[in-house]
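Below are the chains, spelled out letter by letter.
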Amino acid sequence: MKTKLKLSVAAVLLGAAFTGVAHADNKTAMMSVGRDATPAEVKAWDIDVRPDFKGLPKGAGSVSMGENVWEDKCAACHGGFGESNEVFTPIIGGTTAEDIKNGRVAALVEGAKSTAPQKTTIMKVATVSTLWDYINRAMPWNAPKSLTTDEVYGVVAYLLSLAGVVPADHTLSDKNIAEAQARMPNRNGMAYYEPMWKTSGKGDVKNVLCMKDCATEVKITSFLPDYAKSAQGNLVEQNRVVGPTRGVDTSKPASK
Amino acid sequence: MSKDLSEVIGRVVPAPENHLSADMLEKARKARRSFMGKALAMGAGVAAAAKAQAAGPVGEGEDAILTLPEHTKGLGLPVAMNPYGQPSQWEKNLIRRESPGLTRVPQASVSFTPLQGLFGIITPSGLHFERHHQGWWDIDPSKHRLMINGLVKRQRVFTMDDLMRLPSVSRIHFIECGANSATEWGNVAVSSVQYSHGMLSCSEFTGVLLSTLLEMCGIDKKKAKFILAEGADGSSMTRTIPIENAMDDVLVAWAMNGEMLRPENGYPLRLVVPGIQGVSWVKYLRRIEVGDERYAAKDEAVHYIDHMPDGTHRQYSGVQECKSVITTPSAGQLLLDKGFYNVTGLAWSGRGAIKRVDVSVDGGRNWRTARLEGPILPKALTRFNIDWVWDGKPAILQARAVDSTGYVQPKINQLRAVRGTKSVYHQNAIQSWKVAENGEVSNVQVF
């Protein structure tokens, strides 16, 4: 008992010694952890391009040069015209000359008809900087960051030409990219709703806290058809072998 | 001991041979609490007697007790046989799984957490859901660097050695993909809670507060409005994060559940952005830029945006709003019998702590308040439990969570009324599970 008591007193004293070190000294010592980045290091990693084109490197690329790069490095996944839905969702399609005029893609309105089978990148993206930045940082898929700056301009120019944003004989550059931005088909299509951006915000959808005889039809409006029950595999093999339940054997026809 | 359910569930499934008459089945139903009833329902005659051991004692008692098993009579295995422990061989069903056909390339895909089999609030690290945009890596931590640049007095570089000697904090938070439950916006689409809600995990993360690092770099507090987080992998994933979050509870984390991050989850360094969708929790974090404008990165200009009925997209909507789901019983499970059950599930909110969870067994007409298990932490999963006696009749189970802001989890029709039917992300509606008379639980929509 005595030894234990001594030990715990020692522990308290030791703790006091640590916390007793001047706070300012701690802070100064902490501030020196790490080192300054060199300009070359910042340049190597700071590759992002903002919508106001801050970060966009100087360069230029023509539609035809971009088309060559595309055929060589992009078309296998995205299709010759950025239309393919084989590997990734389509990039090009579903926008019109009218959209370019308005800066809003009409096919996105609920109930509207679209010429594209599904939403494409060009239907959604409001900022040309996004295309440039992403192709530059992440494409091609299996060799990201391997395109030269001019090649990135060329590929963006080729995509924009497919969407009718720039003409087929266009050369896109840091000097004229703002003009392409002014013709992006969905440039006015983004809304900013602060309550869904800030964790301190309040939501836009309301439910009430009813407890008894609440207004509901208790009608099943949608259910999984029997044929789809095994779409994610046999559920008996995805549940524990003990407990209050088992997985349903979805390899067998549904029981009644 | 995995039994064919047709053998175990007395009342539920006709005998496999299908040779019980309707009359005998009815008799079995009435007598189902007794052993004989179960035996009858399981199939008549000798076969039934052999199978009856699963149901209860025969004669002197149950074989599982009367005949001592090998593990009671023999010598067990030595220590350190598995230097890094693994789950029991009997638990092999509970694993991360892909949803076939959801994506075309496995490097830009998802694997889902098996919520149907988990307990409490912490997700085992090996079962943490995966979402990769361009494949995952196991990066040498000694070569990993974090750079902080932009609107700071000193642009700095930190090694893992540097970061790990700084004052650290440990916090429990949920991470949910912005596209979790996305398949259910329109109609019911998937077979179990693993696929409807399994892009959800919760862990204890350890790291240094981002605010500490930003202070160390001399952040320009007047000009700084946003930060950009960037990954070191091929996709070099970037996301804009509000400065309010960055200076509040965002962590630069290296550890998860007491060990270093798993490679699939960003080893050696990832951002933890409590309450915000998983895509912002940049993995393999290599750079933080402090800026004064939003960045419109691909995953905030083309994806993770909310398609509204008027055709606009809400950009930068990242909060994971209050949500809950019953994990047992849930779709794809089969109740063993009528009688007592513990209905259990998870609730969470990106805006704060869970205040309360109500559970309905009649499709939302009447509700009872569930017990919340501790700890109840802000922006973390909260486990709820409630007693239920199943009378064997069809039932529709729902859970409805309320968070500390007073927000009530909405119904799917309420969500659609505001955001339309074309939206993909941020689906936090009340989930309905139908319990059929045969004990089978399935995914349905009821509002």
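Residues numbered from 1 in each chain as written. Chains lettered and ligands numbered in written order. Predicted model: local features only at pLDDT ≥ 70, side-chain atom pairs only at ≥ 80, totals over all residues. Heavy atoms only, no water.

A. Structural detail: the overall build of chain A. Broken down by element type, chain A carries 10 helices and six strands. Its C-alpha atoms give chain A a radius of gyration of 29 Å, more than 25% over the compact-globule value 18 Å for 256 residues. Its C-alpha atoms give chain A principal-axis dimensions of about 90 × 70 × 40 Å. In chain A, which comprises 256 residues, the proportion classed as buried is 43%. By element, 60% of the accessible surface of chain A is carried by carbon and sulfur atoms, the whole surface being about 13,800 Å². (Helix = DSSP H or I, 4+ residues; strand = E, 2+ residues; numbered from the N terminus. Rg over C-alpha atoms; globule rule 2.2 N^0.38 Å. Buried < 20%, exposed > 50% of the residue type's maximum accessible area, 1.4 Å probe, protein only. Areas by Shrake-Rupley, 256 points an atom, 1.4 Å probe, with all protein chains shown as cover.)

B. Here's a closer look at the packing of aromatic side chains. A full pass over the atoms with the stated rule returns 11 aromatic pairs over all chains. A centroid spacing of 6.5 Å and a plane angle of 40° characterise the contact between Trp388 of chain B and Trp390 of chain B, whose relative ring orientation is tilted. A relative accessible area of 1% places Trp390 of chain B in the buried class. Here the aromatic cluster, defined as three or more aromatic residues joined through ring pairs, consists of Trp197 of chain A together with Phe226 and Tyr316 of chain B. The positively charged end of Arg294 of chain B is found above the aromatic ring belonging to Tyr192 of chain A, 4.1 Å away from the centroid. Directly above the aromatic system of Tyr193 of chain A lies the positively charged group of Arg314 of chain B, at a separation of 3.8 Å from the ring centroid. (Phe/Tyr/Trp six-rings, centres within 6.5 Å; stacked < 30°, edge-to-face > 60°. Lys NZ or Arg CZ within 6 Å of the ring centre and 35° of its normal.)

C. Here's a closer look at the sheet that holds strand β24 (residues 441-446) of chain B. Spatially, the six strands line up as an open sheet ordered β5(A)-β24(B)-β23(B)-β22(B)-β18(B)-β19(B), and their pairing is antiparallel. Edge positions in the sheet fall to β5 (220-223) of chain A together with β19 (368-369) of chain B, since each has one partner strand and no second. One ladder, built from three bridges, connects β5 of chain A with β24 of chain B; its direction is antiparallel. Directly across from Phe223 of chain A, in β24 of chain B, lies its bridge partner Val444 of chain B. (Pairing = 2+ DSSP bridges.)

D. The confidence of the model for chain A, seen in detail. All names here are of chain A. Mean pLDDT over chain A: 91, with 90% of residues reaching 70 or higher. Long-range and interchain partners of residues 1-5, a stretch whose pLDDT sits below 50, account for zero contacts in this model, where long-range means more than four residues apart. For the stretch residues 7-18, pLDDT sits under 50, and the model shows zero contacts to residues farther than four places along the chain or on other chains. (pLDDT = per-residue confidence, 0-100. Contact = heavy atoms within 4.5 Å.)

E. Here's a closer look at the packing of helix α4 (residues 63-73) of chain A against helix α9 (residues 149-162) of chain A. Residues and elements named next belong to chain A. Where α4 meets α9, the axes come as close as 7 Å, and the angle between the chain directions of the two elements is 95°. With respect to α9, the axis of α4 lies roughly perpendicular. Residues Val63, Met65, Gly66, Glu67, Val69, Trp70 and Lys73 of α4 form the contact with α9, whose own contacting residues are Asp150, Glu151, Gly154, Val155, Ala157, Tyr158, Leu159 and Ser161. Taken together, the residues of the contact of α4 with α9 break down into eight nonpolar, three polar and four charged. (Axes fitted to C-alpha atoms, helices over the stretch in contact; angles between N-to-C directions. Parallel < 35°, antiparallel > 145°, perpendicular 65-115°, else oblique. Nonpolar A, V, L, I, M, F, W, Y, C, P; charged D, E, K, R; others polar.)

F. Up close: α9 of chain A. Residue and element names in this part refer to chain A. Between its first and last C-alpha atoms α9 spans 20 Å; for 14 residues at 1.5 Å apiece the expected length is 20 Å, and the two agree. With 11 of 14 residues buried, α9 lies mostly within the body of the structure. Those residues of α9 that fall on the buried side of the exposure criterion are Glu151, Val152, Tyr153, Gly154, Val155, Val156, Ala157, Tyr158, Leu159, Leu160 and Ser161. Where α9 is buried, its residues touch β2 (60-62), α4, α7 (121-124), α8 (128-138), β3 (171-173) and α10 (177-181). Two residues or fewer past α9, Gly164 is found with a positive phi of approximately 75°. (Expected span 1.5 Å × (residues − 1).)

G. The interface of chain A and chain B, seen in detail. Contacts between the two partners involve 98 residues from chain A, matched on the other side by 136 residues from chain B. Approximately 9,900 Å² of surface area, both sides summed, lies buried where chain A meets chain B, with 52% of it carried by carbon and sulfur atoms. Three residues, Trp45, Met196 and Trp197 of chain A, lead the burial of chain A against chain B; their summed loss comes to 9% of the area buried on that side. Inspection of the region where chain A meets chain B yields 10 salt bridges. Glu440 of chain B is paired through a salt bridge with Lys229 of chain A; the nearest N and O atoms lie 3.4 Å apart. (Buried area = accessible area lost by both parts, 1.4 Å probe. Salt bridge = Lys/Arg side-chain N within 4 Å of Asp/Glu carboxyl O.)

H. Fine view of the nonpolar core. Counting 57 residues, the largest nonpolar core has Leu163, Leu213 and Ile288 of chain B as its most contacted members. If one sorts the elements of this core by residue count, strand β9 (residues 251-256) of chain B sits on top with six residues. Apart from the residues lying within four places of it in its own chain, the contact partners of Leu213 of chain B are Leu146, Ile148, Phe158, Leu163, Leu166, Val208 and Val252 of chain B. Counting 46 residues, the second-largest nonpolar core is a separate cluster that includes Trp70, Phe88, Ala163 and Met184 of chain A. (Core = buried A, V, L, I, M, F, W, Y, C linked by side-chain atoms within 4.5 Å.)

I. Main features of the environment of Pro185 of chain A. All names here are of chain A. Along the chain, Pro185 turns up in the loop between α10 and β4 (190-192). Expressed as a C-alpha distance, the spacing of Pro185 and Gly103, which sit 82 residues apart in the sequence, is 4.7 Å. Residues contacting Pro185, with those up to four places away along its chain left out, are Thr95, Asp99, Ile100, Gly103, Arg104, Val105, Ile122 and Val165.

J. Region of interest: the state of the cysteines. All names here are of chain A. Under the definition given, this model contains one disulfide over all chains. The disulfide partner of Cys210 is Cys214, and the gap between their sulfur atoms is 2.1 Å. Across the S-S bond linking Cys210 and Cys214, the dihedral sits near -100°, which makes this disulfide left-handed. Among the cysteines around Cys77, which has no disulfide bond, Cys74 carries the closest sulfur, lying 8.8 Å off. (Disulfide = S-S within 2.5 Å.)

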